[in-house]
Structures are given as C-alpha cells and as structure tokens.
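# Summary of the model geometry
So the chains spell out like this:
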Amino acid sequence: MDKRIYLAEKPTSYWIASTPETGYPSLDQDLHADVAIVGGGIAGITTAYLLTLEGLRVAVIEADRILRGTTGHTTAKLTSQHALIYDKLIGRFGKDLALQYANANESAIRWVWKIAKEQNIDCDLSEQDAYVYTQKEENRDGIDREIEAALELGIKAEFAERIPFDIPVAGAVRFKNQAQFHPLKFLLPLAKEIENRGGRIFENSRAVELEEKEKPSVAVQNGAKVTADRVVVASHYPFINKEGLYFARIYVDRSYALGIRAKEKYPGGMYINAEDPSRSMRSQPDGDGELILVVGEKHKTGQGVDTMLHYENLMDFADEIFTVEDIPYRWSTQDCMTLDGVPYVGRYAKDNPDVYVATGYGKWGMTNAIASAHLIRDLIVKGESPYGEIYDPSRMATGAAIGNFVVQNANVVGQLLGGKLAPLPDDVELEKGEARVVEIDGHRAGAYRDRDGAVHVVDTTCTHLGCELNWNSAEKTWDCPCHGSRFTYEGEVVEGPANNPLNSVKNTNIVERVATDQF
Ligand code: FES
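Attention now moves to the overall build of the protein chain. Counting its secondary structure elements, the protein chain contains eleven helices and 24 strands. Rg of the C-alpha trace for the protein chain: 23 Å, near the compact-globule value of 24 Å for 519 residues, within the 12% margin. C-alpha atoms of the protein chain, sized along the principal axes, occupy 65 × 60 × 50 Å. For the protein chain, restricting intrachain contacts to residue pairs at least 6 apart in sequence, the fraction spanning at least 24 positions comes to 71%. When the accessible surface of the protein chain is totalled, it reaches about 21500 Å², and 47% of it is carbon and sulfur.

Pairing is antiparallel across the open sheet formed by three strands, whose spatial order is E18-E19-E20. Since the sheet does not close on itself, it has two edges, and those belong to strand E18 (435–440) and strand E20 (455–459), each with one partner. Mean inter-strand twist for the sheet, computed between neighbouring axes without regard to direction, equals 30°. Both strand E19 (residues 443–449) and E20 contribute to a ladder of five bridges, which runs antiparallel. What sits directly across from Ala447, in E20, is Val457.

Turning to its location among the elements, Thr79 is positioned in the loop between strand E3 (77–78) and helix H3 (86–93). Look past the residues within four positions of Thr79 in its chain and what remains in contact with it is Asn105, Ile109, Ala130, Gln178, Met270, Trp364 and Thr367.

What follows is about the layout of surface pockets. Of the pockets and cavities examined, the second largest pocket occupies roughly 240 Å³. Along its surface, the second largest pocket is lined by 14 residues, and Glu106, Arg110, Lys176, Asn177 and Gln178 are the ones closest to its centre. Secondary structure elements with two or more residues in the lining of the second largest pocket: helix H4 (95–118) and strand E6 (171–180). Its residues placed into classes, the lining of the second largest pocket shows five nonpolar, four polar and five charged.

For the structure shown, the criterion picks out 20 aromatic pairs. Every member of this aromatic cluster is reached through a ring pair, and the members are Tyr131, Phe165, Tyr266, Tyr271 and Phe322. Between the NZ or CZ atom of Arg249 and the centre of the ring of Tyr344, over which it lies, the distance is 4.4 Å.

Applying the stated rule across the entire model yields one disulfide. The disulfide bridge from Cys467 ends at Cys482, spanning 1.9 Å between sulfur atoms. In this structure the cystine formed by Cys467 and Cys482 twists about its S-S bond by roughly -90°; its chirality is therefore left-handed. One end of the pair, Cys467, is in the loop between E20 and strand E21 (470–472); the other, Cys482, is in the loop between strand E22 (477–479) and strand E23 (486–488), with 15 residues separating them in the sequence. Residues Cys467 and Cys482 agree in their burial class; the two are buried. This cysteine, Cys336, is not joined by any disulfide, and Cys480 carries the nearest cysteine sulfur, 13 Å off. Under the relative-accessibility criterion, Cys336 is labelled buried at 3%.

Definitions and limits used
- Residues numbered from 1 in each chain as written.
- Predicted model: local features only at pLDDT ≥ 70, side-chain atom pairs only at ≥ 80, totals over all residues.
- Heavy atoms only, no water.
- Helix = DSSP H or I, 4+ residues; strand = E, 2+ residues; numbered from the N terminus.
- Rg over C-alpha atoms; globule rule 2.2 N^0.38 Å.
- Contact = heavy atoms within 4.5 Å.
- Areas by Shrake-Rupley, 256 points an atom, 1.4 Å probe, with all protein chains shown as cover.
- Pairing = 2+ DSSP bridges.
- Axes fitted to C-alpha atoms, helices over the stretch in contact; angles between N-to-C directions.
- 1 Å grid on protein atoms, 1.4 Å probe; cavity = no way out; pocket = protein on both sides within 12 Å on 5 of 7 lines; lining within 4 Å.
- Points joined across faces, edges and corners; volume = space filled by probe spheres on them.
- Nonpolar A, V, L, I, M, F, W, Y, C, P; charged D, E, K, R; others polar.
- Phe/Tyr/Trp six-rings, centres within 6.5 Å; stacked < 30°, edge-to-face > 60°.
- Lys NZ or Arg CZ within 6 Å of the ring centre and 35° of its normal.
- Disulfide = S-S within 2.5 Å.
- Buried < 20%, exposed > 50% of the residue type's maximum accessible area, 1.4 Å probe, protein only.

From the geometry alone we can't say anything about function, so treat these as descriptive.
Here it is, written out as structure tokens:
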C-alpha cells in the first residue's frame, strides 16, 4: 500500500501551526540603527534582544516572516550534547577550545531557563536527559570515548546500557540536565520585547546588498536601506558572496520530521543515534495529549532523488517503535554545515570590524544560535567573548576540514557541470502535482502542473551562481544542489543565498503544449 496517503498533502511545522502569525511591517524607507541584524530566526532575534538590553537601537530585517525558517522547522532540543562531538573537538582543537564549545552551549541552556522565568514565558520548557545511542557493537568504543571526553570537560555524562524503546542498543551516552522547549513560544515574546525597548522588526524585506561606506548599510529588494554602526548577518546562509568565502566553506543538508500520535505514552528523554541515517526523537505536550517527533534522514539540498522517500523511511522507523495512530504533521528543514563541525560566529572577515556573521550550526541550532547571540553581543559591547576562539570564522582549517573542503567543493563542481550537461527530454506530459525538467527553445526549464491543472514553467538556472536546480517533490520547490538556494514552483526565493527570483518562461509553444496536451 502507498504509505504516502497517511501523510499530510502539505508540509506543516507543528511549531508554526501552534503559534499566531506575526505581522511586522516591511522596510519601505531608509533608517538608521545602532545595529542592523539580517535574519529573524533564533540567532537574529536573540542577538537583537540582548543588544536592546544593552540600550542599543536595533533593526531586524527578515526576508519572510520571523522564526519561520530553520527555527520554525527544528526539533528544538536544548542540549550541549550534539551527537558524538567532544572526543572529535578535543582531537581537532585541544581541550581548551573544546571547553569553550561545551561552556557556550551549557550556558545557552541555563540562559533559556533564566529568561523564561524572569519574563514569565510559558514555552513548554522541561528538563530532559539527552542520549546518543548506537545499535552497533563495533561503535561502542565511540560511545566510551565520548563519555571520557565529556567528563574531561566537566559535563555530567554517563553510560547507559539501553534506552526505553524496544530496539536493540549496544550502548548509549546520557547527558543529564538538558532541556526541550517550544522555540516559537519562547522567541515570539522576545520579539515583542525588542519592540517594547525601541527596536524595529521588518518582515517580508529580503536583504540583497551590503554596502560598506563610512558606515555599513543593508539594502532590501525595494531599495530601502538600514544604515548602522554595525551589521550582523544571521541570515542562515550568509547572503554576501564577496567576503569570507562562505560559499566554499558551507554545505547545506536537508532533514525530515514527523509529528506522530501513538498508542503508547512516550517515556521521556531526547534521543539520537550515532550512525547514519540519523534517527532522533523527543515528545511535545499538545493540548491534552502529546506529539512524538520522529526526525532524521539527510541529503544535500537539491541532491535527493525522490524526497518523499525520506518521510517513508521515518514512518518505517516510527512503526518499529510505536503503534502509530496518526501523523498530523510533517515538515523538513535545511541546515548549514561547516567544514569542521563548529559554527562560524564572529567578524565576517578579519579586516572588517563592523560586520559580524553567525552561521553553520550543523543541525544543533538552538543552543549554538543562543551562544552565537551572546558571542556577538560581547564582541559589539566589550570587544571580546569567552567563546570567540572556537567559533572564530577565520580560524585555521584543521586536517579534517581541509579534506572536507576538497570533497564538498568537488561535489559543487560536479553538480554545476552535471546539471549543464544532463540530456533534456522534450516530453512534457505532466500529471497534476508533477514536475519535470524539460528543454524549451534549447534551454533547460522546469515545468510543474499544479492541482488545478495550471502549468508553471521557470528557468532552472539558480540566480546565485548559476547551478541547475532539481525538483523537490516533498516540498514542491526547485532546489539548488550547489549551495542550497530554494525556489517555489513560481520561481520565488524560499531560501538563500540566492536573492533574486527565477526567470519565468512564458510565451513559448512548449508552455502552450504542456498546458493543453492533456485537457
Ligand atoms: Fe549557489 Fe545555487 S545556491 S548556485
């Protein structure tokens, strides 16, 4: 039987569905702020909040609605446990810098507790143990090494023989005193507080250019701009190409989530396995009941084959563990990954003291983004941060990072050339809900027939650096395999780094053929 019939037609994040929509204005005239912050996700909103507490006037510039990007599609674990990381960090950077990472993330958890209490924010915050488990005896060593590394850094870590699910496990590392929350219930009140303290938030205002004169300024698509003493780029993927070579040092991965209801009560705790494909779980109170979030799978953006398959794989995993009664939510997300597994947070480029960046949280964006906000606040206000060295965007590449640089950039070149050379069918028969890459007047184009039968044809050349886009059947978007830009089937930008929409293809006889052949 086709399992997809149990999945909602459209992806919907529980976090977004369970909170009110925001309605901040667009930026339509020039203004000046002390700090302009590009990006209204968890990093941008937290940075803005912290800076307003310092008495600075901030302006947050968000391309869509705030908190609807990766922050609105997260698993929302507040952990310093980021899969198996500390043994690697000590090996790559030494104990002192690994300790900076551990402290930054542990402090982020404590900060959420503090603010939720002080501001009386009901955000379903609860203390939970976090587990990384392995199902392979040969990977037990990795668990043991992680426990040793975590203990060396002062983290309360211990070995667990099993986890409370009916699946074979060879061992697990448990971190005590971690937490989970509802990220939008926590962050929306902070956004209000930013305004209460004189800050400004602008939505539907896509930053397209950073100008660096005497003072930096950020221009949005309609030409209006914010001039500021400092600019923070917290736009997920940095939108400026020219400095820092971020497009060669970041790759973009997608992952998938199901929100299920099950017959069994969830036993508490947050779980992730140590191997690929990843499997991650937590629960979420919802009215009188609970949702169980089953998360995992991964592929580089634009490089999945049939993206709906990833949801099916998660359904199979959920069926192994629970008696699934309903799947009211499904959603997917994408994350910026750095070459050495540590985010890039600090000065955008060494010789540019007024522009800052926070990116590359590697799927651990809740605590890492909060840590980034504190780091940038400290750099702006005090000139230094206790976590500055480990997160420094211009840090020296380690051996592993250099290897990864070669692999990731070879992959981009392969995608760029492969996309240009791929043979194109001129067969344009399309079912409703189906898309296909076709040749139109000698050019590659993407055609999609919507549920009403209307056909939408776009030029599939990415407006960032020219790679050819691929269809994402799960999200109904055209996705770029090079740096992860995504576009609606009508060509609008969903995620950057691209700033400009795709060209639509009109007035060709093929469009007419696609539109009329089957009706
Ligand atoms: Fe860079 Fe598409 S995102 S070429």
